[in-house]
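Next come the chains, spelled out residue by residue.
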Amino acid sequence: PDLSGMQAIQYDQTVTLSFRDVNYFVHGFVDEEGDLVVEVEQKANGARWCGRFSPAAVEELTRKTGNFKKFPIFVKMLATAFSRSSESVFVEMFTYGDLEALRKKRSGGTLDPQKIASKSKSNKRYLILTYIVEFDKVHY
């Protein structure tokens, strides 16, 4: 597709956030290629995680939630969540085990400790953006 008509999005924000009493430096920005980049560093030990998302990937992710957002709007929501300037949008960080526990709790199932142990050896983290409106709660 011809993206020449798209206006470049300017976004660069660094904040300190706390998830489960652990402090993190969080840096969100749109790079020179127009991708959203989110870098997270644990203050205490320097552990780092990074994700890069194209505008198309962000829009597809939002489409799958049933609450589609254009890339510039999603970036603005993320910036709002990082600055904690609205109660209707916020971010949380999870491990694979955290997400499995939430999923099982919601479905009333039981956890498979072996499955979680094998996956949790992975050092992946999931930054979830939650958007709450009057009758809906959407997780991106």
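For clarity, every value in this text was computed on a predicted model and none was experimentally measured.

(A) How the structure looks around the pattern of salt bridges. Counted by the stated rule, this structure contains five salt bridges. Measuring nitrogen to oxygen at the nearest pair gives 3.2 Å for the salt bridge that ties Glu 60 to Arg 63. Linking Glu 60 with Arg 63, this pair stays in helix α1 (residues 55-65), spanning three residues, or about one helical turn. Take Arg 63: its relative accessible area is 47%, and that puts it in the partly exposed class. Ionic pairing is found between Arg 103 and Glu 100, a salt bridge with its closest N-O pair at 3.0 Å. Highlighted residues: Arg 103 and Glu 100, both in helix α3 (residues 96-107), separated by three residues, approximately one helical turn.

(B) Local environment of α1. Listing the buried residues of α1 in full gives Val 58, Glu 59 and Thr 62. Down the axis of α1, the sector holding all buried residues measures 95°, keeping them to one side. Opposite its buried face, α1 presents the exposed residues Ala 56 and Lys 64, each directed more than 90 degrees away.

Conventions adopted
- Residues numbered from 1 in each chain as written.
- Predicted model: local features only at pLDDT ≥ 70, side-chain atom pairs only at ≥ 80, totals over all residues.
- Heavy atoms only, no water.
- Salt bridge = Lys/Arg side-chain N within 4 Å of Asp/Glu carboxyl O.
- Helix = DSSP H or I, 4+ residues; strand = E, 2+ residues; numbered from the N terminus.
- Buried < 20%, exposed > 50% of the residue type's maximum accessible area, 1.4 Å probe, protein only.
- Arc of directions from axis to C-beta.

The values are spatial; any link to function lies outside them.
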